[in-house]
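Per-entry structural report
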Amino acid sequence: MKILVCISHVPDTTSKINFNSDNTEFDTNGVQFVINPNDEFGLTRAMWFKEKQNATVDVVNVGGPETEPTLRKALAIGADSAIRVNTSALDGYQVAKELAKVAQDGGYDLIIAGRESIDYNGGMVPGMLAGLLGASFVNKCIALEVEGNSATAVREIDGGKETLSTTLPLVIGGQKGLVEESDLRIPNMRGIMMARKKPLNVVEPQGADAETKAASFEKPAPRGDVKLAESVDELIEMLHNDAKVI
Amino acid sequence: MSVVVYTEFEEGKFKKTALEVASYAKGIANQMGTSVIAITFNADDTAVLGNYGVDKVLNLKEEQLNTFVASAFAKAIAEAAQAEQAKVVVLSSSANSNYLAPLLAVHLKAGYASNVVALPTSTDPFTVKRTAFTNKAFNHTVISTDTKIIGLSKNAYGLKEHEGAATEEAFSVSLGEDDFGVKVENVDKATDKVTIADAEIVVSAGRGLKGPENWEMVEEMADILGAATACSKPVSDLGWRPHSEHVGQTGKPVAANLYIAIGISGAIQHLAGINASKTKVVINNDPEAPFFKAADYGIVGDAFEIVPELNEKLKAFKASNS
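If you're wondering where the values come from, they're calculated on a predicted model, not measured in any experiment.

Some remarks on the overall build of chain A
Looking only at helices and strands, chain A has six helices and 13 strands in total. Summarising its shape, the C-alpha atoms of chain A cover approximately 60 × 45 × 40 Å along the three principal directions. Every one of the 246 residues in chain A was classed for burial, and the buried ones make up 54%. At a minimum sequence separation of 6, the contacts of chain A that also span at least 24 residues come to 69%. On chain A, the mean spot of the 25 positive side-chain charges and the mean spot of the 35 negative ones are 7 Å from each other.

A look at the overall build of chain B
Assigned secondary structure in chain B consists of eight helices and 18 strands. Taking 322 residues into account, the globule formula puts the C-alpha radius of gyration at 20 Å, and chain B, at 21 Å, falls close to it. Principal axes of the C-alpha set define a box for chain B whose edges measure 60 × 40 × 40 Å. A burial count over chain B gives 61% of its 322 residues as buried.

Points about the sheet that holds strand S18 (residues 297–300) of chain B
If you walk across this open sheet you meet the six strands as S13(A)-S18(B)-S17(B)-S16(B)-S14(B)-S15(B), and the pairing is parallel. For this open sheet the edge positions go to strand S13 (227–228) of chain A together with strand S15 (228–231) of chain B, each flanked by a neighbour on one side alone. Across the face of the sheet, helix H4 (residues 216–225) of chain B comes into contact with strand S14 (201–205), S15 and strand S16 (258–262) of chain B while running at roughly 175° to S14 of chain B.

Re the confidence of the model for chain B
Fine structural detail should not be taken from predicted coordinates in areas where pLDDT scores are low. Scored by pLDDT, chain B has a mean of 96; 100% of the residues are at 70 or more. Taken together, the chains of this predicted complex give a pTM of 0.96 and an interface ipTM of 0.97.

Concerning the interface of chain A and chain B
Frequently, the measure chosen for interface size is the accessible area removed from exposure when the parts meet. Counting residues at the interface gives 73 residues for chain A and 81 residues for chain B. Of the roughly 6500 Å² buried between chain A and chain B, counting both surfaces, carbon and sulfur atoms make up 58%. The three residues of chain A that bury the most area against chain B are Asp158, Lys176 and Arg223 of chain A, which together make up 11% of that side's buried surface. At the surface where chain A touches chain B, the tally comes to seven salt bridges. We note a salt bridge from Lys15 of chain B to Asp158 of chain A, for which the minimum N-O separation is 3.6 Å. Of all the secondary structure elements, the ones that give two or more residues to the side of chain A that touches chain B are helix H4 (125–133), strand S7 (136–147), strand S8 (150–157), strand S9 (160–167), strand S12 (212–218), S13 and helix H6 (232–242) of chain A. Considering only residue class, the side of chain A that touches chain B consists of 32 nonpolar, 20 polar and 21 charged. As judged from the two bridges shared by S13 of chain A and S18 of chain B, these two strands associate in the parallel manner. When the sheet's bridge partners are listed, Leu228 of chain A is paired in S18 of chain B with Gly298 of chain B.

Describing the pairing of S7 of chain A
Here is the key point about a regular strand: its side chains alternate between the two faces of the sheet. Residues and elements named next belong to chain A. Burial analysis of S7 places nine of its 12 residues in the buried class, the great majority of the element. Note: S7 against S8, six bridges, orientation antiparallel. Bridge pairing links Glu145 to Thr152 in S8. Taking the residues between adjacent antiparallel strands as the criterion, S7 and S8 are bridged by two residues, where Gly148 takes a positive phi near 60°.

Quick look at the sheet that holds strand S11 (residues 200–203) of chain A
Whether parallel or antiparallel, the strands of a sheet pair through hydrogen bonds between backbone atoms. Taken in spatial order, the 10 strands of this open sheet run S11(A)-S5(A)-S4(A)-S1(A)-S6(A)-S10(A)-S7(A)-S8(A)-S9(A)-S13(B), and their pairing is mixed. If you trace the sheet from one side to the other, it starts and ends with S11 of chain A together with strand S13 (183–189) of chain B, each paired once. If you compare each strand with its neighbour and ignore which way they point, the axes differ by 25° on average. Of the strand pairs in this sheet, strand S4 (residues 56–62) of chain A and strand S5 (residues 81–85) of chain A are connected by five bridges, and their pairing is parallel. Residue Asp58 of chain A lies in a different strand from S5 of chain A, and its bridge partner there is Ser81 of chain A.

Here is what the cut-offs are and how they apply
Residues numbered from 1 in each chain as written. Chains lettered and ligands numbered in written order. Predicted model: local features only at pLDDT ≥ 70, side-chain atom pairs only at ≥ 80, totals over all residues. Heavy atoms only, no water. Helix = DSSP H or I, 4+ residues; strand = E, 2+ residues; numbered from the N terminus. Buried < 20%, exposed > 50% of the residue type's maximum accessible area, 1.4 Å probe, protein only. Contact = heavy atoms within 4.5 Å. Lys, Arg positive; Asp, Glu negative; His and termini not counted. Charge placed at Lys NZ, Arg CZ, Asp CG, Glu CD. Rg over C-alpha atoms; globule rule 2.2 N^0.38 Å. Pairing = 2+ DSSP bridges. Axes fitted to C-alpha atoms, helices over the stretch in contact; angles between N-to-C directions. pLDDT = per-residue confidence, 0-100. Buried area = accessible area lost by both parts, 1.4 Å probe. Salt bridge = Lys/Arg side-chain N within 4 Å of Asp/Glu carboxyl O. Nonpolar A, V, L, I, M, F, W, Y, C, P; charged D, E, K, R; others polar.

The structure is reproduced here in structure tokens:
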């Protein structure tokens, strides 16, 4: 089985978010970038398929050279090779179109992407990729088994979960649950050394257009001080008369 | 030209989020000087949609669409939207709508903005405000395609009632076997509990509760308030509560009207996940807990004393105010 894991290069979850002076771009100064957490669950699940079912695992990212350390980390975790589509990620649709080209060229059976990136939170790349490829699609996937050409997946629904069956090729939007958090891989020294020798192929984009543009950003208005209640009675009174939420 | 809205009909009624997206679609239709057309599947009675600004309902009656299948629903909505020359298609942020929206975008070759929190600030260029960086910022997104798809964040717009009646029309679509390539084998849904996705109020607790055996008082508060229960990441990692209750940057986002955090210190990842909630209340014995800086209301004290007392008094309050 050939697996492609889509890796988004995102600010660490503890990052303070700032923008440039005219609020048109995210300010990357002092920001540590990591593998998107939802993608990390997918990558670890892909490693399981590699180890148990002899799958090959490639990782791909749409982005400039600055994303290569993130791809190298994925290689150190165990991916076989990496592909970087050499263009800036503009919006989900453009990224999905570039990824679809890579997926088509590589003839992958299973494509794993995170259900959303933790920066722009679009939640659109895996679904659009499936739509462009005409592949099966399972979103918010929390469990996945593949046998031959058949797959069984569990997805989260509002208030529960649903078990689905389908055939390959399959695209999933993965998240926490695909593997336990305690099973996430941290690159060890051997992995890091091996990753240096693994291929990281840079491919030129097909020039897909974006359909949306992040024109400007703003931060939420500063919040007033918390109103502290001295007693439970006062808290109920505040929630009823002041906040009007009960 | 029209604004099309997908209104989810489940278990014999329209979801509250369906009425919210209808209200929002009416707001856009007013801006654009056009009408609102709702698409729904196998609804028994669509009259209520007229009260939220819908002019016409396309009720797709297909037995095979009784079960949600994202690819089939996306194709059906796309056909209906094309037939109505939709300029804008509005969906909610439910798990099902989030699932089908990108597929719909491919069918319609439409730009899609999710997590939208307000009416467009401009319809030309079409610009919407959405949350980004997991609620740590807002992003003004311009959608440049002829057809636009909007995923509305829950509780962002609210319900707006209108005088009006919706006419209902039958609509049929051409679905083939390929549209049902993903088959539902089993649904495991707790029907007696309020879910985080639908909840107006969420009661959440953290490691301050010391162990899973102490969650009874949290569940009791949720029962009294008609709320959903949630938890912080360490709690789900420790296995005290299911992963599906984990709220935060890598868990579920919460956009409730009231979020009550008990014994949660307020890590940046947790705060990001709940930031879209309107009123935040913190109960914590540590006055220096970071959550107090992000909260609207708080009480400093031992959760094991405050929560039982609060439950008793909330019960009495509910009894005298019902």
